[in-house]
Amino acid sequence: RDRDHRESTDRYHRQDDDQYRSGRDRDHRESTHALNDRSTKRDDERYDRRYAQDADYKQRNFEDDVRYESESQRIDTRRRARDNLEACDERHEKRIRYDEQQIAPEWQQAKWTRLINSRDSSPTTVFSLFTAEGHRFDTQSLFSTVAFVGKNGGKSNKFLSYDNRVKKLAKTCIDRVNEFDAAQLATVSWAFSNIRFEESDLFEAIASNAMRKLDAFQARDISATAWAFYSCNIQAIPFLHAMADRALCILDSFSNADLRKTATAYTKLEIKVPALYTALIDTFQKKLNEFKLFDVPNIVTAVAFMGDDANSLLIACSDYARTNLNSFNHEDISLLALAFKDTNIEKSNLFSAISQNAMPKLKQFSAHSLANMACAFENEVNQQSEFLMAIADAAIIKINDFQAKFLAKLAFAFAISKLEVPNLFEAIGNAATDTLMYFDVEAFAKISIAFAKAGIKASNLFNAIANAIQNKLKECSPQALADIAWAFATLRIEAHEVFCKIADIVQQKLKDFKPKDLINTSWSFACVGLLESDFFITLLTAAATQIAQQDDAFSDYDMAQIYMIFLYFKLKFPEKTFPLSHLHDSLQSAYQKIRKAHSSSFAHHKNNVSSALTRIGWAHVSDYLTPSEGIMIDMAQTDSKQAIEFQVPSQYIKDHSSMVESGSTFFKNRLLKGLGWTIVTLTCWEWENLENEDAQDDYLKQQILVSFSSS
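Since the model is a prediction, treat every value here as computed from it, not as a measurement. (Residues numbered from 1 in each chain as written. Predicted model: local features only at pLDDT ≥ 70, side-chain atom pairs only at ≥ 80, totals over all residues. Heavy atoms only, no water.)

*Asks:* How would you sum up the environment of Ser662? Please name residues and give values.
*Replies:* Structurally, the position occupied by Ser662 is in the loop between β5 (658-661) and α30 (663-674). Separated by 12 residues in sequence, Ser662 and Ser650 have C-alpha atoms that sit 8.4 Å apart. A distance of 3.3 Å separates a polar atom in the side chain of Ser662 from a polar atom in the side chain of Ser664. (Helix = DSSP H or I, 4+ residues; strand = E, 2+ residues; numbered from the N terminus. Polar contact = N/O pair within 3.5 Å; in protein donor to acceptor, adjacent residues only side chain to side chain.)

Below, the structure is given as structure tokens:
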């Protein structure tokens with residue numbers, strides 16, 4: 001009984017002690033909070049009174065005309081008083097801003113910063129925090145959020161550039177850009193460029209603010225900022241010129257990577273800063289042996305557009321690379337060849353060494369290395385045709401390993417080289433048809449233009465492209481739209497819906513089109529016969545406006561295209577005025593120049609045909625120009641308006657196992673038929689198979705006389 005009583009008594013006392021302690025702790029916390037609130041309020045009142053007293057005192061001290069022993073003391077005292085007054089104002093404004101924006105206390109900011117920088121953080125968690133509490137972030141928390149976005153951007157998170165939360169973050173950075181220091185401005189520009197966020201307002205705000213802080217920019221800040229502006233194609237000319245002046249002052253402190261990135265950014269943006277270019281070239285030459293081998297292609301790419309002053313450096317890079325060629329891996333050797341592709345120096349020795357080094361190893365090359373190598377050698381077909389054929393064979397084996405953009409790049413390279421590789425194009429067409437869902441708009445445009453230049457009508461591929469691209473046309477650049485339209489027209493792809501959507505988008509983006517893109521688009525619509533007069537006039541009027549501002553906007557080929565558009569326009573809309581009619585003589589002259597150059601390439605065959613026609617009694621005029629239109633006809637009877645066109649392979653496209661007229665050839669023949677001419681076409685490959693004159697005469701009697709008689 002006594003034991004039970006003691007236990008119950010002890011238990012009661014323990015409960016009473018626990019309740020007392022919890023109540024005491026609660027009372028302590030409440031009193032502490034109340035004390036802190038009173039202390040905070042008292043501090044605020046004291047701060048406001050002190051600010052008022054300081055401001056009043058400093059103002060009086062600044063304004064009083066007090067006699068001093070010397071003028072220098074008076075000026076120094078006034079300067080100190082003014083600085084104190086400005087510092088006081090700045091502290092007061094900062095306090096007011098914190099109160100208005102409800103900036104969270106420091107311990108909360110530190111907690112948020114740790115959360116943002118945590119390894120477990122994801123874009124979802126960081127953006128959720130920013131959406132909920134971003135208005136309470138201080139400068140460091142905002143900067144940490146931006147840096148996180150940059151680190152988690154790039155290829156793995158392309159969607160970030162379209163995320164509305166990123167746009168909100170950019171808007172916040174614009175509003176508070178004055179709070180960032182030089183290093184933070186560089187990081188902010190890098191972060192948004194890494195996710196391809198190309199809003200010009202943000203970069204203009206960064207440039208405007210950075211202009212006032214350039215003296216604080218260090219080498220890494222300059223290279224990162226220049227690279228960011230290049231990545232987003234932002235040409236802030238005054239800012240970049242000012243930053244170039246700052247780079248010249250501290251160029252000795254630049255690392256190898258900083259030198260390379262700065263040089264690449266300025267040359268790709270076409271910013272003309274000769275003093276910086278000269279200094280960079282000299283620095284590269286002095287440090288060339290310090291660079292790693294994989295840096296050499298990047299250096300060549302950076303300085304290739306710096307003019308003739310860079311030739312000595314490019315030659316040194318070529319010799320350095322040739323000496324160490326065996327040390328390059330597969331990817332670097334393809335990038336090396338690609339870097340030297342557009343340089344003006346003599347590079348045949350280097351390319352020969354590269355081809356000899358790479359030929360035995362081509363089967364070990366990755367898919368994108370093969371595409372880069374083909375692109376590098378596309379203009380070296382005369383000297384390196386065997387190497388290009390080896391690349392084609394290796395690419396066919398690995399055709400399913402190619403990503404979309406490298407597949408398009410491979411096709412374009414071999415189209416430019418004009419090598420006969422039908423098996424490769426067939427493999428590319430099949431692989432592209434199966435992987436179109438991974439193509440972006442630029443890859444669509446590039447693979448379309450590649451097949452058009454190669455003259456291969458891959459019907460299955462282009463029908464699939466026509467279905468897949470309709471929802472992506474709004475994302476196309478003006479050049480991509482023009483290229484797609486030109487390719488479809490050249491290959492005579494029937495895609496009415498694609499052309500209608502292109503027409504709608506062109507009108508929306510008309511101000512962004514360059515003259516050449518406008519002409520290519522106009523020619524494409526004229527070629528397929530889908531152009532209405534109002535839309536046609538709109539395109540050509542815009543082209544005429546830009547031509548007036550650019551004297552050398554077009555080549556002879558472009559002028560010849562415009563002349564074909566003119567003929568179509570006058571034939572279909574005779575009551576309308578052609579917007580470029582003031583250039584008629586120049587256009588006609590360019591067209592005839594192009595036609596004569598084309599005709600002379602197969603003059604021997606045409607002369608044989610002309611002689612055979614004379615033998616069978618078909619009187620004609622060779623290279624006849626129609627009087628009013630100026631269209632050149634190979635062989636014509638003017639009275640009866642009967643014409644013979646001798647066609648060469650470049651005027652045809654391959655459609656499976658047959659050859660059909662290309663879009664441009666079909667366009668010309670349609671114009672002649674519209675003008676009342678009867679056309680008969682002869683192909684050079686059929687003519688070459690005729691063994692003697694008797695066979696030629698029989699062929700002409702059968703093909704020509706019968707055709708004209710029936711017509």
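*Asks:* So what's going on with the environment of Ser589? Which residues, and what values?
*Replies:* The residue Ser589 is located in helix α28 (residues 584-600) in this model. Between the C-alpha atoms of Ser589 and Gly630, which are 41 residues apart in sequence, the distance is 9.0 Å.

*Asks:* Which residues make up helix α6 (residues 164-175), and what values do they have?
*Replies:* Three- or four-residue spacings in an α-helix give side chains the same orientation, since the helix completes a turn every 3.6 residues. An ideal rise of 1.5 Å per residue puts 16 Å on 12 residues; α6 measures up with 17 Å between its terminal C-alpha atoms. For α6, the full list of buried residues reads Val166, Leu169, Ala170, Thr172 and Cys173. Looking straight down α6, one finds that the buried residues subtend no more than 160 degrees of arc, so they occupy a single side. Facing away from the buried side of α6 by more than 90 degrees, the exposed set consists of Asn164 and Asp175. Tucked into the core, α6 has its buried residues touching α4 (123-133), α5 (139-151), α7 (182-194) and α8 (200-210). (Expected span 1.5 Å × (residues − 1). Buried < 20%, exposed > 50% of the residue type's maximum accessible area, 1.4 Å probe, protein only. Arc of directions from axis to C-beta. Contact = heavy atoms within 4.5 Å.)

*Asks:* Can you break down the pattern of salt bridges residue by residue, with the values?
*Replies:* Under the counting rule described, the total for this entry stands at 15 salt bridges. In this structure, Glu133 and Arg136 form a salt bridge, with 3.3 Å as the shortest nitrogen-oxygen distance. For Glu133, a relative accessible area of 22% puts it in the partly exposed group. One salt bridge in this structure joins Arg176 and Glu179, with 3.1 Å as the shortest N-O distance. On the accessibility criterion, Arg176 (8% relative accessible area) is buried. Judged by relative accessible area, which is 25%, Glu179 ranks as partly exposed. One connected set of salt bridges, linked through shared partners, spans Arg595, Lys606, Asp623, Asp634, Glu645 and Lys668. (Salt bridge = Lys/Arg side-chain N within 4 Å of Asp/Glu carboxyl O.)

*Asks:* Can you explain unusual backbone geometry? Please cite residues and give values.
*Replies:* Even without being glycine, Asn233 reaches a positive phi, approximately 55 degrees. Mapping Asn233 onto the fold places it in the loop between α9 (219-231) and α10 (237-249). Unlike most non-glycine residues, Glu270 shows phi in positive territory, near 60 degrees. Take Glu270: it is sitting in the loop between α11 (256-268) and α12 (274-287).

*Asks:* With reference to specific residues and values, describe α5.
*Replies:* The terminal C-alpha atoms of α5 lie 18 Å apart, and with 13 residues this matches the ideal 18 Å at 1.5 Å per residue to within 8%. Summarising burial for α5: 11 of the 13 residues are buried, a large majority. Taken as a whole, α5 has its buried residues at Thr139, Ser141, Leu142, Phe143, Ser144, Thr145, Val146, Ala147, Phe148, Val149 and Gly150. Its buried side turned inward, α5 meets α3 (106-116), α4, α6 and α7.

*Asks:* Now, about the nonpolar core: what can you tell me, with residues and values included?
*Replies:* Grouped together as the largest cluster of nonpolar side chains are 207 residues, with contacts concentrated most on Phe192, Tyr266, Met373, Phe402, Leu410, Phe414 and Phe451. The greatest single-element share of this core, amounting to 10 residues, is contributed by helix α27 (residues 556-572). Ignoring any residue separated from it by four or fewer positions in sequence, one finds Met373 in contact with Ile333, Ser334, Ala337, Ile354, Ala358, Phe365, Phe387 and Ile391. Among the nonpolar cores identified, the runner-up in size contains 16 residues, and Val609, Ile616, Ile644 and Leu700 belong to it. (Core = buried A, V, L, I, M, F, W, Y, C linked by side-chain atoms within 4.5 Å.)

*Asks:* Report on the pairing of strand β2 (residues 632-637), specifying residues and quantitative values.
*Replies:* Most of β2 sits inside the fold, with 6 of its 6 residues counted as buried. Looking at chain direction, strand β1 (residues 621-625) and β2 are connected through 4 bridges and run antiparallel. In the strand pairing of β2, Val621 is matched with Ala636. In textbook terms, the turn of a hairpin is the stretch between consecutive antiparallel strands, and for β1 and β2 this stretch comprises 6 residues, one of which, Gly630, has a positive phi near 75 degrees. Here β2 folds back onto strand β3 (residues 642-647), and the loop between the two strands holds 4 residues, one of which, Lys641, carries a positive phi near 55 degrees. (Pairing = 2+ DSSP bridges.)

*Asks:* Quick one: what's the story with the packing of aromatic side chains, residue by residue and with numbers?
*Replies:* In this structure the tally under the stated criterion is 24 aromatic pairs. Ring geometry for Trp687 and Tyr699: centres 6.3 Å apart, planes at 65 degrees, overall edge-to-face. Of this pair, Trp687 sits in helix α31 (residues 684-688) while Tyr699 sits in helix α32 (residues 693-710), placing them 12 residues apart in sequence. Look at Tyr699 and you get buried, because its relative accessible area is 11%. Each residue in the set Tyr563, Phe566, Phe569, Phe573, Phe578 and Tyr591 is aromatic and connected to the rest through ring pairs, giving one cluster. Directly above the aromatic system of Phe412 lies the positively charged group of Lys446, at a separation of 5.3 Å from the ring centroid. Between the NZ or CZ atom of Arg492 and the centre of the ring of Phe666, over which it lies, the distance is 4.1 Å. (Phe/Tyr/Trp six-rings, centres within 6.5 Å; stacked < 30°, edge-to-face > 60°. Lys NZ or Arg CZ within 6 Å of the ring centre and 35° of its normal.)

The analysis is restricted to geometry; functional conclusions fall outside its scope.
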